[in-house]
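Structural overview for review
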Amino acid sequence: MAISRRNLALSVLGGGLLAGCGGMARQHPARSATSPERLGRIAPALNAQVGIGTFPGAVSLVAQDGNIVHHEAVGFLDAAKTKPMPRDAIFRLASMTKPITSVATMMLAEQGQLKINDPVTNWLPELKNLKVETPQGDVAPTRMVTVQDLLMHTAGFVYGPASPSPRIAKMYAELNIESLETDISGDEMLRRLGTIPLLYQPGTTWFYSIATDVLGLLLERVSGKRLDVLTQELLIGPLGMTDTAWWVPPAKRARLAETLDSDPLKAAMLRAYRQDSDPAPRQYLKGGAGLAGTGADYLKFAQMVLNGGTDGRTRYLSRKTTEFMLSDHLVGKAGVPNATTGPGYGFGLGWGVRLYDGVGWTPGSVGDAMWAGAWGTSFWIDPRERLVGVLMAQCPSNRIHTRMLFKNLVYSAVS
């Protein structure tokens, strides 16, 4: 049963209500509320998924107007189903790392350290001789890959296993670009990546890829700092995301959520996500996939974005930069993020952006923005409804099902 609204009228950021916080959450007049009774459906529905073997357990959070109106843990932390799921469980975030890296990029842009139309070769000379694969052979790119291409997945890079080109897929695997099972340094990864042709001409086609991993390496060169240090200084530390990091230290490992042994993706993904020790001395920090953290931590980040770039104490991004990030940037380009978002979404700078009230697989609003992780985590923000939803689960094979189920449950409570 959901906890009462009065007891959950807590600040998302831990210091009372978000008094005075600016940005998008304040711009929209009050026109909706969430029903406590209907929010009470979420935990039983997720617990039913535990019963049918979708995941061992889950943590779900909903905030409206900066107040947490739902925060529940169901099921179990471990695959053996012996430890009840705690609210402060730590989850592998996978691609929910991407929005954090993207916001860090725009913070550096606001500081004048980069522009998003800058060619990446300003900092990554290893990529200066990239070619583009075509049926007629490899050709020169019509323009250089830019920082914006990395933010948008329009650089022409791929994830090797998903590449429609067998040749490019083979090269990604043989050169260990994604560090799926063995370690590789960032410098060496970039050197090897520079020898592999792009799948598409830069700026023409959205294709989900290692672009945000490359972006993380670019940020390291721009700032002169490791990506973990940079993100800690810019976002994770100031936001109070105390359980979010690029690896799970021994003192916190007992809170790490597990995937059911029956999930066919579990073994391969555990080999790819080696987060039981600090990865930086042995392999590059993955700006597109490397973080682990709690639902409450991620809600702080998502609420800041919904608020137009502020947590009420610190301004991380200007309101205009935040609006820019939440706008669709795919106009005139091929490709859509349907595999993650469902239909009806374009793509902003770091996340999918809803283009229509209809078309999608769940209710929502024009301008809502979401992203999700391969392990089963997902989040979205809805500026029109002043709403944030975060689902934390570890169920890679069922991740589409669970993220859509949760969105349906949350929007059923909006009145």
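**Topic: the sheet that holds strand β9 (residues 387-393)**
- With antiparallel pairing, seven strands are arranged side by side in an open sheet as β2-β1-β9-β8-β7-β6-β5. The strands lining the two open edges of the sheet, one partner per strand, are β2 (67-75) and β5 (345-347). Taking the axes of each pair of neighbouring strands and ignoring which way they run, one obtains an average angle of 15 degrees across the sheet.
- In the packing of helix α3 (residues 42-51) onto the sheet, contacts are made with β1 (57-64), β2 and β9, and the angle to β2 comes to roughly 25 degrees.

**Notes on the side chain of Gln 275**
- Its location among the elements puts Gln 275 in the loop between α10 (266-272) and β4 (292-293).
- By relative accessible area, which is 8% here, Gln 275 ends up buried.
- Within the structure, the side chain of Gln 275 is placed 3.4 Å from the side chain of Arg 92, a separation counted as a polar contact.

**Some remarks on the confidence of the model for the protein**
- When pLDDT is averaged along the protein, the result is 93; 93% of the residues meet or exceed 70.
- When the criterion is pLDDT under 50, residues 1-29 qualifies, and its contacts beyond four places in sequence or with other chains add up to 71 contacts.

**Things to note about the nonpolar core**
- In this structure, Phe 157, Leu 235, Phe 301 and Trp 351 are the most contacted members of the largest nonpolar core, which totals 112 residues.
- Sequence-distant contacts of Phe 157, defined by excluding residues within four places in its chain, comprise Leu 127, Leu 130, Leu 150, Tyr 172, Leu 193, Leu 198, Phe 207, Ser 209, Ile 210, Ala 211 and Val 214.
- With six residues, the next largest nonpolar core counts Ala 94, Ala 272, Tyr 273 and Ala 289 among its residues.

**Looking at unusual backbone geometry**
- The phi dihedral of Ser 179 is positive, around 50 degrees, even though this residue is not glycine.
- Position of Ser 179 relative to the elements: it lies in the loop between α6 (166-174) and α7 (186-193).
- Phi is positive for Val 359, close to 75 degrees, though the residue is something other than glycine.
- The residue Val 359 is located in the loop between β6 (352-354) and β7 (369-372) in this model.

**Some details on the pairing of β9**
- Of all seven residues in β9, seven are buried; the element is thus mostly enclosed.
- By the alternation rule, side chains of β9 split into Leu 387, Gly 389, Leu 391 and Ala 393 and Val 388, Val 390 and Met 392, which are all buried.
- Note: β1 against β9, seven bridges, orientation antiparallel. Of the residues in β9, the one forming a bridge with Val 59 is Met 392.
- As judged from the five bridges shared by strand β8 (residues 378-382) and β9, these two strands associate in the antiparallel manner. Among the inter-strand pairings, Phe 379 is bridged to a residue of β9, identified as Val 390.
- Where β8 folds back onto β9 in an antiparallel hairpin, the turn is made up of four residues, including Arg 386, whose phi is positive at roughly 55 degrees.

**Some words on the pattern of salt bridges**
- Scanning the model with the defined rule gives 24 salt bridges in all.
- The partner of Lys 170 in a salt bridge is Glu 174, with the nearest N and O atoms 2.8 Å apart. Of this pair, Lys 170 and Glu 174 both sit in helix α6, four residues apart, which is roughly one turn of that helix. Side by side, Lys 170 and Glu 174 carry an identical accessibility label, which is exposed.
- Between Asp 183 and Arg 274 there is a salt bridge, with its nearest N and O atoms 3.0 Å apart. Within this pair, whereas Asp 183 is found in the loop between α6 and α7, its partner Arg 274 is found in the loop between α10 and β4, the two being separated by 91 residues in sequence.
- For Arg 274, a relative accessible area of 17% gives the class buried.
- Salt bridges sharing partners connect three or more residues here, namely Asp 88, Asp 243, Lys 252 and Arg 255.

Cut-offs and rules
Residues numbered from 1 in each chain as written. Predicted model: local features only at pLDDT ≥ 70, side-chain atom pairs only at ≥ 80, totals over all residues. Heavy atoms only, no water. Pairing = 2+ DSSP bridges. Helix = DSSP H or I, 4+ residues; strand = E, 2+ residues; numbered from the N terminus. Axes fitted to C-alpha atoms, helices over the stretch in contact; angles between N-to-C directions. Contact = heavy atoms within 4.5 Å. Buried < 20%, exposed > 50% of the residue type's maximum accessible area, 1.4 Å probe, protein only. Polar contact = N/O pair within 3.5 Å; in protein donor to acceptor, adjacent residues only side chain to side chain. pLDDT = per-residue confidence, 0-100. Core = buried A, V, L, I, M, F, W, Y, C linked by side-chain atoms within 4.5 Å. Salt bridge = Lys/Arg side-chain N within 4 Å of Asp/Glu carboxyl O.

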